[in-house]
Each structure stands twice: as structure tokens, then as C-alpha cells.
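# Structure at a glance
Each chain, letter by letter, is given below.
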Amino acid sequence: MDRNAKRKIIILALLTGLIALFHYLTPTEPHDYHKIHIVLRKLYFLPPVMAAAWFGLRGACFTALAVSLLFILHAFLDWPGNYMEQANQVGELAGFWMAAVIPGWLFDKQRTLLQELANANEETLLGLVSALDLREHNTRLHSQRVREYTELLATRYGVDGAVLREIGFGALLHDVGKIAVPDRILLKPDKLTDEEWQEMRKHPEAGYRIVKRIGFLKEAAEIVHAHHERFDGTGYPRGLKGDAIPLGARLFMVADVYDALTSQRPYKPALAHEDAATEIQKQKGTQLDPEVVTTFLAIEPAELRQIAERYHDANSKDTFSLTH
Ligand SMILES: [Fe+2]
């Protein structure tokens, strides 16, 4: 169970306990107190509805059960021998269960639909980057591999939740702007001329313009924009320096350099992890954020190898000679 879920369970338990406490302590005589007593009784609906929103049907049913036990105990203690009032209060239990079951079922349904929507978004983005990777690298797994390295590194750096997801999308889509780079430049096996470099260097901005239009990718767009910045300020397109570079881009840079070093290209063999780590260490403070490098180098090589193997391209030897 994660920290967030534990926090929510504590809130539910405290809220239910407080409602029960005040309900037990508020007398039914005189009449004014009885009004407060009845209002407190209605508050028992709150925990099952909150549990439904946070945990779905199962959590809502557990909460309704706890609320029912507390409430019914009170009904029998407060109204001894008054069978009419006791019957009336037993009827109230049906309401608590309705407040648990119906929202619980609806929230579960909503969660399933949101998950389906997220999966559809994910598949669409994967389709897009696979097409781009195939065009440039003749492989379709480069972006997914870099995304996983970046997410692993981000997790170790202490990032989680929605921010981690955004950083993953940013890493996945980093080169989407290359769609605007002509084939004669993008696929040129030789060195680029100055003019061609100028054209090539427009791809972070082109990517930014594409990605920022998509509502759920606003933060990812910032990473796309900054993915060729360097920690010492000598990168492009804006020459951002140090912490002015979004954290996601600083994390991505280390992951991307690692992937480039450990991937085979026609003009160079794939480096072993130790050699790649030494190279990354050399870039500390120049291209790469020193703190991010330290976090990256603390990751077990086996964890990185697992990602490399999961997204290994069988035909990676056929990759084009690309240095940009
Ligand atoms: Fe790029």
C-alpha cells in the first residue's frame, strides 16, 4: 500500500471516529441538542462516499460496514427498549449502503474508462514515436528505451506521481520535432554542413510547438524544448544553464547519453556499462547535471541492463550512421 492510500485510510478512520464521538456525546434531550444529534447522524454518509471516490466499491463497502456497526451500536445504547426508534434507525443503514455501493460502482466505472483513455493515449504516442524512430534509426525502440532509463533515474531522484509521468512522456517524445527535418539532412550519413546544422537545430522548437498543443503534455513539451540544452549553458536552442533547464530535461540528458554510448552504431561499437559510466562521469558539470549524474551512477547496472534487454532491437546493427 502506498503512502497516499495510507494517508487516506487514516483520514477516513479519524473522520468516522470524530462523527461517532460527537454523535455519542450529543444528548437527545433537550430538543435543541436533539437537532444537532440528528445532523451528526447524517454526517455518517460522508465516509462511505469519500471511500467510494478514493478506493472504489470495495473500500466503500468496508467503510459502510464500519459506519453501520458504530451507528447501530449507538441506536441500541441510546434508545433502550424503544423498538420504533430502533427500527427507524436500522432503516438508516440502507442509506449508508446506498451511499457506498452506488458511488463506489460509478467511481470504479470511471476509473476503468480513464484507464482505457490513458492506454489509448499511450498507444497513439507509441505509434507516433515508433514511426519517427524507424525513420531515423531504422529501429523502433530507441525512444521507449530512453524513456525507461529516464523514468528509472527520475524515480531514484525522488520524482513520482504525475510529474514522473510527464517526464516519461517528454523523454518518449524528445525528438518528435525531427518530423520537420528533411530526409536529406536527417538521414545524411556524412557530416552536416553549417547550414544543415542550423536546420537540424530547429527540431527542439518544432517538437515543442507540436507537443504543447496537447493538453496532457504541457510539461512534457518543456522537456522536448530543452532536450539539447547543456548544463554549462552551451546547448541549444536557448542556451539555458544549470537549474534553468527543466529537471525532466536534465534527467533525460543523462539517460540519452547513456543510451547513445551503450548502443551499437556503424561508426562505433556499443560500450560496456563501466565504460559508459566513465564517459558520463567526464560530462559531469559540462553537458550533464552533476547531481543527476551522481544519482544515475548509483543505479545498479543490472537494472539498466533489464531495460536494455526489454527494448533490444534485433536489427540494431543496421542503424544509420547518425551523430546528431
Ligand atoms: Fe534531439
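Bear in mind that the values here come from a model prediction, so they are computed numbers and not experimental data. (Residues numbered from 1 in each chain as written. Predicted model: local features only at pLDDT ≥ 70, side-chain atom pairs only at ≥ 80, totals over all residues.)

With 15 residues, helix α5 (residues 142-156) ought to run about 21 Å at 1.5 Å a step, and its terminal C-alpha atoms sit 21 Å apart, in line with that. Along α5, 11 of the 15 residues are buried, which leaves the element largely enclosed by surrounding structure. Of the positions making up α5, those classed as buried are H142, S143, R145, V146, R147, E148, Y149, T150, E151, L153 and A154. G158 lies just past α5 and shows a positive phi near 100 degrees. (Helix = DSSP H or I, 4+ residues; strand = E, 2+ residues; numbered from the N terminus. Expected span 1.5 Å × (residues − 1). Buried ≥ 20, exposed ≤ 12 C-beta atoms within 10 Å, placed from the backbone.)

Turning our attention to the nonpolar core. Counting 39 residues, the largest nonpolar core has L173, L251, V254 and A255 as the members making the most contacts within it. Listing elements by their share of this core, those giving two or more residues are α4 (83-137), α5, α6 (161-172), α9 (203-211), α10 (218-226), α11 (247-262) and α13 (290-297). Here this core takes 8 residues from α11, the largest share from any one element. Excluding residues that lie within four positions of it along the chain, V254 makes contacts with L153, I280, L288, V292, V293 and F296. By size, the runner-up hydrophobic cluster in this structure holds 16 residues, among which are I19, A64, V67 and A99. (Core = buried A, V, L, I, M, F, W, Y, C linked by C-beta atoms within 7 Å. Contact = placed C-beta atoms within 7 Å.)

With that settled, the discussion passes to the confidence of the model for the protein. For the protein, mean pLDDT is 90; residues scoring 70 or higher make up 95% of the total. Every residue in residues 317-324 is under pLDDT 50, and counting partners more than four places away or in other chains gives 18 contacts. (pLDDT = per-residue confidence, 0-100.)

You can see R147 is positioned in helix α5. You can call R147 buried: it has 25 C-beta atoms within 10 Å. Each C-alpha atom of the pair R147 and L173 lies 8.7 Å from the other, and the pair is 26 residues apart in sequence. Dropping the residues within four chain positions of it, R147 is found in contact with G168, A171 and L172.

Their axes nearest at 9 Å, the elements α5 and helix α14 (residues 301-310) cross at an angle of 155 degrees. With respect to α14, the element α5 is oriented roughly antiparallel. Judged by the sense of rotation from one axis to the other, the crossing of α5 with α14 is right-handed. Between α5 and α14, the contacting residues are R145, E148, Y149 and L152 on the first element and E303, L304, I307 and A308 on the second. When the residues that make up the contact of α5 with α14 are grouped by side-chain class, the tally is 5 nonpolar, no polar and 3 charged. (Axes fitted to C-alpha atoms, helices over the stretch in contact; angles between N-to-C directions. Parallel < 35°, antiparallel > 145°, perpendicular 65-115°, else oblique. Left-handed = near helix turned anticlockwise from the far one by under 90°. Nonpolar A, V, L, I, M, F, W, Y, C, P; charged D, E, K, R; others polar.)

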